[in-house]
Amino acid sequence: MDQPAQLLTDTGTSHFFKNQTFHFQTLRALNDIAAGGADLNEVLMAISQVTDGDSNGWYEAYSALATRTEDRIPTCADPLSCGQSWLRAHNYWRTAEFLLAPQDPRRTLAWDRQIAAFDKGMERAGIAHQRFTVPYESGKLRGIFYPGPEGWQKKPLIVLCGGYDSTLEELYFVIAKAAYDRGYAVLTYEGPGQGGVLRQYGLKFTPEWEKPTGAVLDYFETTYFKPEKTVLIGMSLGGYFAPRVAAFDKRISGVVAYDVFFDAGSIAQRYATHAGNPEALNNPDIKWAIDNALWTLGVSSMEEAVKTLSAYSLAGVAGNITADVLTLVGERDHFIPTTQAEDFSKACIRAKSVETVVYDVPSGGAEHCQLGAQTLWHADVFSWIVRKFS
């Protein structure tokens, strides 16, 4: 019989890797467990093969996990289990490609595999959803609508947009299942600079996020239903996008920013200081952030990125928000200083109400976007929706 693995410390650990990016992306993969998109020990076995900071090793471990997960499906006779296996494979392919350079050909392979796995998972698991596209500039925006159970039209429509590095399919696991379980419908979408819109059409981020969001909402209201109340939730850089939309589009009854990007330019400046340091660029925390900025913004240097992101500020527009506002803040957020939430709250001078929830380290919700504590922030968001819009 194999001997138990030797413990490295006398206590457990709350950090999977010394490198924050590797730790954070492990939490991100695990975050999908509640919605059926990951299994704990599958992920733990994968990361046990990864050397801290080795992005190629990360891809190899997660792509192998995705492949193993898919390879077991033909022997599975239970449709729901098959669907859940495909959904887990989707997450593992998404995670595998995440740390690769934008032009790495393995990203194309992993992208195609994750989309195919997601679609098969949705179909086999019997999850109601409707894909759609909306013409926008020189390309198309992608969206998925998840109808709620009977009576969802009487509740607020929840709209979710991602951030700096999210994908459309990933948003199902963020809140769509949890919302369905509570009787809500969810509309998810990608704008310029995100997911398939970036990859297929080359559309880059825009600070005027009300424009792509308006196009999506117009399409939804024309095609499906005009909701009485709409709650827009912005994740990560979506914590700039969603409040920006609420400042210009009065269809937004409530806006949730987790976590809020009040001033993206100042955050970019921190990374720009390392751009010319070859040693710093060996750190995935720095290299990945810079590579993604150049790709999604369509610029060639961090100097240009800082200049471009200086327009991503809520300072001049937050005062126009008249909706109810909820901000979630992680005490240990490695991207956004907690002071940005304070600045945002003070700037929302015309909002119907402003609430802030701060998660400390013992709560488990102190990371950026409360990763690893999904049910914790769900409880706060859904409770807020009930109090404000029931």
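Above this text is the structure in question.
The structure displayed is predicted, hence computed values, not measured ones.

How would you summarise the pattern of salt bridges if you had to cite specific residues and measurements?
The full count for this structure, using the stated rule, is 23 salt bridges. Among the ionic pairs, Arg-251 bridges to Glu-221, the shortest N-O distance being 3.4 Å. Here the residue Arg-251 occupies a position in the loop between α9 (238-248) and β6 (254-258), and Glu-221 occupies one in helix α8 (residues 210-223), the gap between them amounting to 30 residues. By relative accessible area, which is 25% here, Glu-221 ends up partly exposed. The salt bridge involving Arg-251 is made with Asp-249; its shortest N-O contact spans 2.8 Å. Residue Arg-251 is classed as partly exposed on the basis of its relative accessible area, which comes to 26%. Each of Asp-119, Arg-131, Arg-142, Glu-169 and Glu-190 takes part in one network of salt bridges that share partners.

Please provide a residue-by-residue account of the environment of Val-216, values included.
With respect to the helices and strands, the residue Val-216 is situated in helix α8. Residue Val-216 is classed as buried on the basis of its relative accessible area, which comes to 1%. Along the chain, Val-216 and Leu-141 lie 75 residues apart, while their C-alpha atoms are 7.9 Å from each other. Each residue touching Val-216, except ones within four places of it in the same chain, is listed here: Phe-132, Val-134, Leu-141, Leu-187 and Tyr-189.

Any details on the pairing of strand β7 (residues 324-330)? Residues and values, ideally.
Regular strands place their side chains on alternate faces of the sheet. Of all the 7 residues making up β7, 7 are buried; the element is thus mostly covered by neighbouring parts of the structure. Burial along β7 is two-sided: the residues Asp-324, Leu-326, Leu-328 and Gly-330 and Val-325, Thr-327 and Val-329 are all buried. Bridge count for β6 against β7 is 5 bridges, and the pairing is parallel. The partner of Tyr-258 across the bridge, within β7, is Leu-328. Of the strand pairs in this sheet, β7 and strand β8 (residues 353-359) are connected by 7 bridges, and their pairing is parallel. Within the sheet, the bridge partner assigned to Leu-328 lies in β8 and is Val-357. Each parallel crossover has a hand, and the one from β7 via helix α13 (residues 339-347) to β8 is right-handed.

Cut-off values and rules
- Residues numbered from 1 in each chain as written.
- Predicted model: local features only at pLDDT ≥ 70, side-chain atom pairs only at ≥ 80, totals over all residues.
- Heavy atoms only, no water.
- Salt bridge = Lys/Arg side-chain N within 4 Å of Asp/Glu carboxyl O.
- Helix = DSSP H or I, 4+ residues; strand = E, 2+ residues; numbered from the N terminus.
- Buried < 20%, exposed > 50% of the residue type's maximum accessible area, 1.4 Å probe, protein only.
- Contact = heavy atoms within 4.5 Å.
- Pairing = 2+ DSSP bridges.
- Right-handed = clockwise from strand over helix to strand, strands pointing away.

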